[in-house]
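Coordinate analysis (summary)
Here is what each chain is made of, one letter per residue.
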Amino acid sequence: MFKRVRIAANSAARRSTFARRVLAALLAASLLPAAASSVEARDPLLAYGARIVGDDARTRIVIDFDREPRFSVHYIANPERIIVDLPATAFGFPAKDLAARGLFKDIRYGKMDEESARIVLTTAGPVKLALAKVQADETGNSHRLVLDAEMIDKKAFAELVKTQSWSDRTEAAQTTSAIPAPQKAAPGDFVIAVDAGHGGIDTGAIGVDTKTEEKQVTLAFAKALTDRLNKEPGIKAFLTREDDEFLSLSQRVLIARQNHAGLFISLHADTLRQKDIRGATVYTISDKASDKLAADLAERENLSDQIAGKETVAEPPEVADILLDLTRRETQAFSISLAESVLNSFKDQVGTINNPHRHAGFRVLQAPDVPSILLEIGFLSNAEDEKLLLDEAWRGKIAGLLTDAVKRYRAAVMANGG
C-alpha cells in the first residue's frame, strides 16, 4: 500500500488545473452544485517537491504542495514511527528527493483510499515533531509542509503514544520542546548542562600509564560536578549522558538547548604528543583558532561523529547564519565571561597551561543561545595529570571550584538583569 509513487509532476499539474477549471465552470453555471464536494475529492493535492536535511539530532522535511494541505500527526511504537495523514494526494517528486537520512531510517508514502494518503516516517529511535506547520511559499501560489523532527527519550515518546487522539484530524501546526526540562527544575532555577566528553564507541584519549579511557574520566568528573552543583539553591544541573553511551556532537548541543540550559560545560581530558605539558585549559568557540594547539584539539574533537560512523551534515544556510550571528554576539560574550570565572577559581588551586583561555571552532560549543565552554581538566598523556584525574579527592576539589565559578558567573548575570 505504501509503495513509492512516481508520476510526472507536470502531467499531474495539468490534470489538476484542468479539473479545477471544469469544476469552476460547472459551479458558475450552477449545473452541479451538489456535486462540488465529490468532484473536489477526486482532485487530489499535488506534492510536487520534497527535500530532507539534518542529522541524528534534528532532521527537517519540507514537501511542496500545489495548494494548502490539511494534515494530522500521530505516533506509533514498536517500532517507533511518525504518521502524517493527508487528504488524497498525488506524490510527484522523485523518490531520491525524500530518501531516508538523519533521524529517519525509512520513509514511505502513498494512497490510503480515494480520499486520503499517508506518509510513514520510521525513526532510528524515539522522535517527536517539534514543529509541524503549513506555510505559503514565496510566490503565495503554493504551500509547504514543514516537519522538524527532534530526538526525545523513550519515556517522552511513550507518553506521546499514550495521550494522543486519533479522532483529531485538524491541522497539527505546533511548536514545542521535544525533550522535557529536568524533572526537579523549578521556575527560576539556573539550569546547567554538564557534558561528559566522548562515550560508547568513542573512547577518547587513553591514559599513558593506567590506559584509562577518557570517556570514563569525563563521566566521573561530570557526575561529581552535577552532584555538587545540585546542592546549591536555585541551581539545577543535569548530565547529557548518564552512562557509557555515544552521543553525537549535535545531540549534545540539542539536549542542552531543549532542556533550556543557561550554561553548557563540556569536560575532557585529552592527550598530547608533548608529554611534559600538563594542567587545565578552558576553550570557547571561535571561527579562527587562537593557536595551533587549539586548532588541533578542535579538529580531533570534531571527528568524534566519524568515529561512530555518523555523517556530519552541514546546517542549512539560514541556520548557519543564525549560529554565526548569535554565537558571535551575546552568547559568545557570556561564554568568555564563564571561562574567565573558571580560571579565576583555578588560580593558585589548579595548575593550568600557558595561556589557559584559548578558542577554536568546536562543534559541541555551537549552541546559539547557550553560553558554552570546553574544559580540558588535564592531560592523560602526562603521568602526573593522569594520577590527579583518577583521584577522587581531586575530582571533588575540581567540582567545588567549578561550582564557585558558576555561582560567580550567575551572580554577575543576574546583577546585569540576566
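Look up: the structure comes first, before these words.
Read on for a plain summary of the structure. (Residues numbered from 1 in each chain as written. Predicted model: local features only at pLDDT ≥ 70, side-chain atom pairs only at ≥ 80, totals over all residues. Heavy atoms only, no water.)

**Quick word on the overall build of the protein**
Counted only if it meets this: Comment: elements are numbered from the N terminus, with helices defined as DSSP H or I runs of at least four residues and strands as E runs of at least two. When accessible area is computed with a 1.4 Å probe and restricted to protein chains, residues below 20% of their type maximum are described as buried, those above 50% as exposed, and intermediate ones as partly exposed. With residues, only the protein chains shown are counted as cover, and all accessible areas are computed by Shrake-Rupley using a 1.4 Å probe.
In terms of regular secondary structure, the protein is built from 10 helices and 16 strands. Across the 418 residues in the protein, those meeting the buried criterion constitute 50%. When the accessible surface of the protein is totalled, it reaches about 20,000 Å², and 52% of it is carbon and sulfur.

**Remarks on the sheet that holds strand β3 (residues 72-76)**
Keep this limit in mind: Paired strands are those between which DSSP finds at least two bridges. Throughout, an axis means a line fitted to C-alpha atoms (over the contacting stretch in the case of helices), and angles, computed between N-to-C directions, take values from 0 to 180 degrees.
Spatially, the 4 strands line up as an open sheet ordered β3-β4-β7-β6, and their pairing is antiparallel. Each edge of the open sheet is held by one strand with a lone partner, namely β3 and β6 (104-113). Strand-to-strand twist in this sheet, taken as the mean axis angle between neighbours without regard to direction, amounts to 20°. Across 7 bridges, strand β4 (residues 81-87) lies against strand β7 (residues 116-123) in antiparallel orientation. Pairing of D85 across the sheet is with R118, part of β7.

**Focus: unusual backbone geometry**
With an omega of -5°, the peptide bond between N78 and P79 qualifies as cis. Of note, P79 is situated in the loop between β3 and β4. In this structure, D348 takes a positive phi of about 65° despite not being glycine. Checked against the element boundaries, D348 lands in the loop between α8 (317-346) and β15 (352-360). We note that N355 has phi near 55°; this positive angle belongs to a residue other than glycine.

**A look at the pairing of strand β2 (residues 58-65)**
With 6 of 8 residues buried, β2 lies mostly within the body of the structure. Here strand β1 (residues 45-54) pairs with β2 via 7 bridges, running antiparallel. Looking at the pairing, G54 lines up with T59 of β2. The hairpin turn running from β1 into β2, its antiparallel successor, is 3 residues long. Bridge count between β2 and strand β9 (residues 143-151): 8 bridges; the pairing is antiparallel. In the strand pairing of β9, I63 is matched with L145.

**Structural notes on the pattern of salt bridges**
The test is simple: Here a salt bridge means any side-chain nitrogen of Lys or Arg lying within 4 Å of a carboxyl oxygen belonging to Asp or Glu.
The full count for this structure, using the stated rule, is 19 salt bridges. With a closest N to O distance of 3.8 Å, K215 and E213 form a salt bridge. What makes K215 buried here is its relative accessible area of 9%. Where E384 meets K387, a salt bridge forms, and the shortest distance between an N and an O atom there is 3.8 Å. Here E384 pairs with K387, and both are found in helix α9 (residues 383-389), just 3 residues apart, close to one helical turn. Residue E384 is classed as partly exposed on the basis of its relative accessible area, which comes to 40%. Exposure remark for K387: the relative accessible area of 55% places this residue in the exposed category. The structure contains a network of salt bridges with shared partners spanning R51, D64 and R144.

**Some details on helix α5 (residues 249-258)**
Burial within α5 is extensive, with 9 of its 10 residues counted as buried. Those residues of α5 that sit buried are L249, S250, Q251, R252, V253, L254, I255, A256 and Q258. One or two residues past the end of α5 sits H260, with phi positive at roughly 60°.

**Remarks on the packing of aromatic side chains**
Here is the rule: Note on ring pairs: Phe, Tyr and Trp rings are taken, using the six-membered ring of Trp, and paired if centres are within 6.5 Å. Classes follow the plane angle, with under 30 degrees stacked, over 60 edge-to-face and the rest tilted.
This model, assessed by the stated rule, comprises 7 aromatic pairs. Plain terms: the ring middles of Y75 and F157 are 6.0 Å apart, the flat faces sit at 90° to each other, and that makes the pair edge-to-face. Placement of the pair is Y75 in strand β3 and F157 in helix α3 (residues 154-163), with a sequence separation of 82 residues. Of the two residues examined, Y75 and F157, each falls in the buried class. Seen from their ring centres, F93 and Y109 are 5.2 Å apart, and the 50° between their planes marks the pair as tilted. Placement of the pair is F93 in the loop between β5 (89-91) and β6 and Y109 in strand β6, with a sequence separation of 16 residues. For the pair F93 and Y109, a shared accessibility class is recorded, and that class is buried. An aromatic cluster is defined as three or more aromatic residues linked by ring pairs; in this entry it consists of F91, F93 and Y109.

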